[in-house]
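Here's the letter readout for the chains.
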Amino acid sequence: MIDFNLLAEHREAILAGVWMTVKMSAGGISLGLLLGLALHGLRQLGGIWLVPLYHAYVALFRGTPLLVQLFLVFYGGPYIGLEWSAERVGLVGLALYGAAYFAEIFRAGREAIPRGQIESARDLGLSPGQTFRVVLWPQMLARCLAPLVGQTVILVKESSVLSIITVAELTNVAMTIATQSYSMLEPYAVLALAYWAIAIVVAATGARLERHFTQYQCR
Amino acid sequence: MSQPYAIEIRNLHKHYGAHHVLKGIDLDIRPGEVVSIIGGSGSGKSTLLRCVNFLEEYTGGEVLVNGRMIGYGSSVTGEPYRLPEQTIRESLTDVCMVFQQFNLWPHMRVLDNVAAPLRLVKGVRKAEAYERAQAQLERVGMGHKAASYPGQLSGGQQQRVAIARALTMQPSIMLFDEPTSALDPELVGEVLNVIRDLAHAGMTLAIVTHEMGFAARVSDKVVFLAEGRIEEQGAPRELFNTPQSARLQQFLTSWNERQGSLAMA
Amino acid sequence: MFDFTAVIPHLPQLLVGLASTLLVSLSAIALGLVLGWAICLGLTGHRAWLRRVCAVYVSFFRGTPLLVQLILVFYALPAVGISLPPLAAAVLALTLNSAAFQGEILRSGFQMLPKGQLEAARDLGLSPLQTLLHVQIPQVLRSMLPALTNETIDIIKNSALVSAVAVHELMRTAQTLASTTYRPIEFFAVAGLLYLLVTLCTGRLGSWLESRLRTA
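Residues numbered from 1 in each chain as written. Chains lettered and ligands numbered in written order. Predicted model: local features only at pLDDT ≥ 70, side-chain atom pairs only at ≥ 80, totals over all residues. Heavy atoms only, no water.

As recorded in an unreviewed UniProt entry, chain C goes by Polar amino acid transport system permease protein and comes from Pseudomonas linyingensis. Annotation of chain C in UniProt includes, under Function (unreviewed entry), the sentence "Part of the binding-protein-dependent transport system for glutamine; probably responsible for the translocation of the substrate across the membrane." Annotation of chain C in UniProt includes, under Sequence similarities (unreviewed entry), the sentence "Belongs to the binding-protein-dependent transport system permease family. HisMQ subfamily." (UniProt positions renumbered as here; feature names shortened; annotations may be inferred.)

Looking at an unreviewed UniProt entry, one finds chain A named Polar amino acid transport system permease protein and attributed to Pseudomonas linyingensis. Regarding chain A, the UniProt comment filed under Sequence similarities (unreviewed entry) reads as follows: "Belongs to the binding-protein-dependent transport system permease family. HisMQ subfamily." Taken from UniProt, the Function (unreviewed entry) comment for chain A reads in full: "Part of the binding-protein-dependent transport system for glutamine; probably responsible for the translocation of the substrate across the membrane."

Here it is in structure tokens:
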């Protein structure tokens, strides 16, 4: 019943789709991490402007569907002179969306560190920069790692939404093959299995990293 | 260099919003003097100590360490202004604090906890920093735990490491903010012994504590704080044996009763 | 440049879309809770094979994109002879997805209960059912509330994907209007605001319930 020849036939298209998914997710996640860290930094600077602005950003990007955000830029963009390719919209959209989640993960990690540790650093004469680099960052990394990995898996999955704005990633390729060949089962089954495998690999890698970074807690 | 006072506190005030915590404190501590600060909870004793190393920004009066004003400078017109963070840090290199909650950094080994500030703040090279850190750990009897993480140590051991970490910075003044309050009773002694040794070595110490017996034994002067004011101060023998104010009498009576009930139990 | 007044005549359509978004999402959350409960029982039960099956179920539905799950229900199920009307298919896909997440939320809620409580309940003579109803469930519900709020917000947001497979909810309505009026910015912005409104209200409602349960 299941015709695997179909997959062999479209091997190249499928591989190209996988590659596009990897590119979009990896790019979007890396950019999102950097942007999330920057957002966290701005919030730490504080002030009557930055803190509400931060919360507005987080509420906006976490409170609306990624699809709406993508459509606004992809279909609305040309009306305001923003003629981006689907790939660029997808990459930037994924990064902006992910950044809101990443920033909140960093915030939670930072807030979990007792204030006294910062006080003792200051008392011993460490500068704020040194305190962040030596005292806060390593602990934030350890505390944030599990949620960061979770969010990474979520964003890899969310990258499938880019298919709707015509980015030729894995989901998009599978839909094309399905429509062309009139066989719905094989392409979609393989599609699901591929994402499942990616999610399992990312989660397992994350668990290993976490064990590495939290050695000091569990002994 | 030689100042008559290590710490001078003049008419010190601290407000938290509308809450007036310190209401005009005057206190001098000479070099080599050991001063214990006692008082009930909420009397402002920890706040007083934290104003000295500017973990709290005081809102009136002045604090001088080795003759240098902490936290604020005065402009040409005499208006006080807050000094830049770096200047404040530099003026406090001679003061180190030991906290109630130890505040070690849990992700670093004991030796790194002690050596890191030396390397970061004083730019001491790695090998030398480790050597000096190890020496201070030996001094507090923690040399054998250099490779452990803070989480693996008892509270008393962690506090001794925290003291070694402060000592490594070679301060002339040490502040102790209830150093034994977070410890199990059987671990208090080992920490007090280390502090006593520092007192005998001639270091300037300001100690906020609930350990009256210890305060009586090591202090040159005891200060009793109540509701943000110094109610009474003097040599420990006079203060504990012949308290003048009603507040101090009451404070000592209730403390004795608590000790008594502990002894019964 | 932008003309948001162009949206006004179409507001009723958008609100009908919003209503079906809420219908789909809330049905999925409610049905997902029931199925999630069953999965939680399976995950924590005594039968090894059932634990396995439930674990694979959770892993699959949490490890694959919702869009792919929707596509499977919409296109692959008919290929093996199961055809559902679009709305039912959408609710089914979202339910299957949400059940995996809610099953995990419930399981961790039960795991966090101190074992001593169960021992105390047994010691006092409560039956297992009484223990479940009076000791475990109230606490689990309370502790899972923040996660459940998040899951509800996620499902509302994710239900926008249903538009890709032809259910006329909010996103789809906005899409149609955007392309017929050539005003994508206005319509997608308003759709976004409606989603934001609903998710913010859901978040608030969750915090309110949480604080009420805490004081109760």
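Participant: Is there a simple way to explain the sheet that holds strand β4 (residues 60-65) of chain B in this structure?
Facilitator: Hydrogen bonds along the backbone pair up the strands of a sheet, which may run parallel or antiparallel. Residues and elements named next belong to chain B. Here we have four strands laid out as an open sheet, ordered β2-β1-β4-β5, and antiparallel in their pairing. Looking at which strands have only one partner, the edges of the open sheet turn out to be β2 (19-29) and β5 (68-69). Across two bridges, β4 lies against β5 in antiparallel orientation. Looking at the pairing, Val-65 lines up with Arg-68 of β5. Along the sheet, helix α1 (residues 45-52) makes contact with β1 (7-16), β2 and β4, crossing β1 at roughly 115 degrees. (Pairing = 2+ DSSP bridges. Helix = DSSP H or I, 4+ residues; strand = E, 2+ residues; numbered from the N terminus. Contact = heavy atoms within 4.5 Å. Axes fitted to C-alpha atoms, helices over the stretch in contact; angles between N-to-C directions.)

Participant: What exactly am I supposed to notice about the UniProt feature "transmembrane region" (unreviewed entry) in chain C here?
Facilitator: All names here are of chain C. Look at the UniProt record and you will see "transmembrane region" (unreviewed entry) annotated at residues 20-43, 55-77 and 187-209. Secondary structure over residues 20-43 splits into 100% helix and 0% strand, and the C-alpha atoms at its two ends are 33 Å apart. As annotated, residues 55-77 has a helix share of 91% and a strand share of 0%, and its two end C-alpha atoms lie 22 Å apart.

Participant: Explanation requested: the sheet that holds strand β12 (residues 229-234) of chain B in the structure shown.
Facilitator: Residue and element names in this part refer to chain B. Spatially, β8-β9-β10-β3-β11-β12 is the arrangement adopted by the six strands of the open sheet, whose pairing is mixed. Each of the sheet's edge strands pairs with one partner strand only, and the pair in question is β8 (95-98) and β12. Neighbouring strand axes in the sheet, compared pairwise and without regard to direction, differ in orientation by 20 degrees on average. The pairing of β8 with strand β9 (residues 173-177) spans four bridges and is classified as parallel. If you follow Met-97 over to β9, its bridge partner there is Leu-175.

Participant: Would you mind showing me how to read the interface of chain C and chain A here?
Facilitator: Note: interface size is frequently given as the accessible area lost on complex formation between the parts. On the chain A side, the residues contacting the 37 residues of chain C number 35 residues. Carbon and sulfur atoms supply 80% of the area that chain C and chain A bury against each other, a total of about 2,900 Å² over both sides. Where chain C meets chain A, there are zero salt bridges. At the boundary of chain C with chain A, the tally comes to six residue pairs in polar contact (both at pLDDT 80 or more). A per-element tally of the side of chain C that touches chain A places helix α8 (residues 184-215) of chain C first, with nine residues. Its residues assigned to classes, the side of chain C that touches chain A shows 26 nonpolar, eight polar and three charged. (Buried area = accessible area lost by both parts, 1.4 Å probe. Salt bridge = Lys/Arg side-chain N within 4 Å of Asp/Glu carboxyl O. Polar contact = N/O pair within 3.5 Å; in protein donor to acceptor, adjacent residues only side chain to side chain. Nonpolar A, V, L, I, M, F, W, Y, C, P; charged D, E, K, R; others polar.)

Participant: Help me understand the UniProt feature "transmembrane region" (unreviewed entry) in chain A, please; the structure alone is not making it clear to me.
Facilitator: Residue and element names in this part refer to chain A. Mapped onto this numbering, the UniProt entry gives "transmembrane region" (unreviewed entry) at residues 20-42, 54-77, 89-106, 161-182 and 188-209. Taken end to end, residues 54-77 comprises 88% helix and 0% strand; its first and last C-alpha atoms sit 24 Å apart. Helix makes up 55% of residues 161-182 and strand makes up 0%, while its end C-alpha atoms are separated by 22 Å.

Participant: Looking at this structure, I do not really get the interface of chain A and chain B. What am I missing?
Facilitator: Tallying the contact residues gives 20 residues for chain A and 25 residues for chain B. Taking both partners together, chain A and chain B bury about 2,200 Å²; carbon and sulfur atoms supply 59% of that area. Counting across the chain A and chain B interface gives two salt bridges. The closest approach of N and O atoms between Arg50(B) and Glu119(A), which form a salt bridge, is 2.5 Å.

Participant: Looking at this structure, I do not really get a nonpolar patch on the surface. What am I missing?
Facilitator: Side chains of Tyr79(A), Ile80(A), Phe2(C), Phe4(C) and Tyr182(C) sit close together on the surface and give an oily, nonpolar patch of about 550 Å² of accessible area. Positionally, Ile80(A) belongs in the loop between α4 (66-76) and α5 (86-111). Judged by relative accessible area, Ile80(A) falls into the partly exposed class, the value being 43%. (Patch = residues over 30% accessible without salt bridge, like charges linked within 9 Å, V, L, I, M, F, W, Y side chains within 5 Å. Areas by Shrake-Rupley, 256 points an atom, 1.4 Å probe, with all protein chains shown as cover. Buried < 20%, exposed > 50% of the residue type's maximum accessible area, 1.4 Å probe, protein only.)

Participant: What's the story with helix α8 (residues 170-181) of chain A in this structure? I'm lost.
Facilitator: Counting along an α-helix, one turn takes 3.6 residues, and residues three or four places apart therefore face a common direction. End to end, α8(A) covers 16 Å across twelve residues, agreeing with the expected 16 Å (1.5 Å per residue, within 8%). Those residues of α8(A) not exposed but buried are Leu170(A), Thr171(A), Asn172(A), Val173(A), Ala174(A), Ile177(A) and Ala178(A). Against α1 (5-9), α2 (11-45) and α9 (185-213) of chain A together with α3 (66-79) of chain C lie the buried residues of α8(A). Note on α8(A): the residue one or two positions beyond its end, Tyr182(A), has a positive phi of about 55 degrees. (Expected span 1.5 Å × (residues − 1).)

Participant: Please explain the UniProt feature "domain: ABC transmembrane type-1" (unreviewed entry) in chain A as it appears in this structure.
Facilitator: Under the UniProt annotation, "domain: ABC transmembrane type-1" (unreviewed entry) lies at residues 18-206 of chain A. For residues 18-206 of chain A, helix accounts for 81% and strand for 0%, while the C-alpha atoms at its two ends are 21 Å apart.

Participant: Please explain the side chain of Gln157(B) as it appears in this structure.
Facilitator: Here Gln157(B) is to be found in helix α5 (residues 155-168). Apart from residues lying up to four places away in sequence, Gln157(B) is in contact with Met142(B), Lys145(B) and Glu190(B).

Participant: Hey, could you run me through the packing of helix α4 (residues 86-112) of chain C against helix α6 (residues 128-158) of chain C in this one?
Facilitator: For any two helices packed against each other, the geometry is given by the interaxial angle and the distance between the axes. All names here are of chain C. The N-to-C vectors of α4 and α6 enclose an angle of 135 degrees; their axes lie 9 Å apart at closest approach. What the angle tells us is that α4 and α6 run oblique. For the crossing formed where α4 meets α6, the hand is right-handed. Counting all contacts with α4, which are made through Leu-94, Asn-97, Ser-98, Phe-101, Gln-102, Ile-105, Leu-106, Gly-109, Phe-110 and Met-112, the residues of α6 involved are Leu-132, Gln-136, Val-140, Ser-143, Met-144, Ala-147, Leu-148, Glu-151 and Ile-155. Residue composition of the contact of α4 with α6, grouped by class: twelve nonpolar, six polar and one charged. (Parallel < 35°, antiparallel > 145°, perpendicular 65-115°, else oblique. Left-handed = near helix turned anticlockwise from the far one by under 90°.)

Participant: It is not clear to me how the environment of Ser163(C) should be interpreted in this structure. Could you clarify?
Facilitator: When you line up the elements, Ser163(C) lands in the loop between α6 and α7 (170-181). For Ser163(C) and Thr21(C), which are 142 residues apart along the polypeptide, the C-alpha to C-alpha distance reads 9.7 Å. If we skip the residues at most four places from it in the chain, Ser163(C) touches Leu67(A), Glu169(C), Met171(C), Arg172(C) and Gln175(C). Among the polar contacts made by the side chain of Ser163(C), one reaches the main-chain carbonyl oxygen of Ala160(C) at a distance of 2.6 Å.

Participant: Which parts of the structure should I look at to understand the nonpolar core?
Facilitator: Grouped burial of nonpolar side chains is what soluble globular proteins tend to show. One finds Leu14(C), Leu70(C) and Met171(C) to be the most contacted residues of the largest nonpolar core, which totals 89 residues. With nine residues, α3(C) is the single largest residue contributor to this core. Beyond its immediate sequence surroundings of up to four residues, Leu14(C) is in contact with Val7(C), Leu170(C), Thr173(C), Ala174(C), Leu177(C), Phe187(C), Val190(C) and Leu194(C). Ranked by size, the runner-up nonpolar core spans 49 residues in total, among them Ala115(B), Val124(B), Phe176(B) and Val188(B). (Core = buried A, V, L, I, M, F, W, Y, C linked by side-chain atoms within 4.5 Å.)

Participant: Is there a simple way to explain the pattern of salt bridges in this structure?
Facilitator: Two side chains of opposite charge can pair, provided their charged atoms sit close to one another. Using the criterion set out here, one finds 18 salt bridges over all chains in the structure. A salt bridge links Lys14(B) to Glu56(B), with the shortest nitrogen-to-oxygen separation between them at 3.9 Å. Taken together, the residues span a long stretch of sequence, with Lys14(B) in strand β1 and Glu56(B) in the loop between α1 and β4 at a distance of 42 residues. The residues Lys14(B) and Glu56(B) share a single accessibility class, namely buried. In this structure, a network of salt bridges that share partners links the residues Arg115(A), Glu119(A), Lys14(B), Arg50(B) and Glu56(B).

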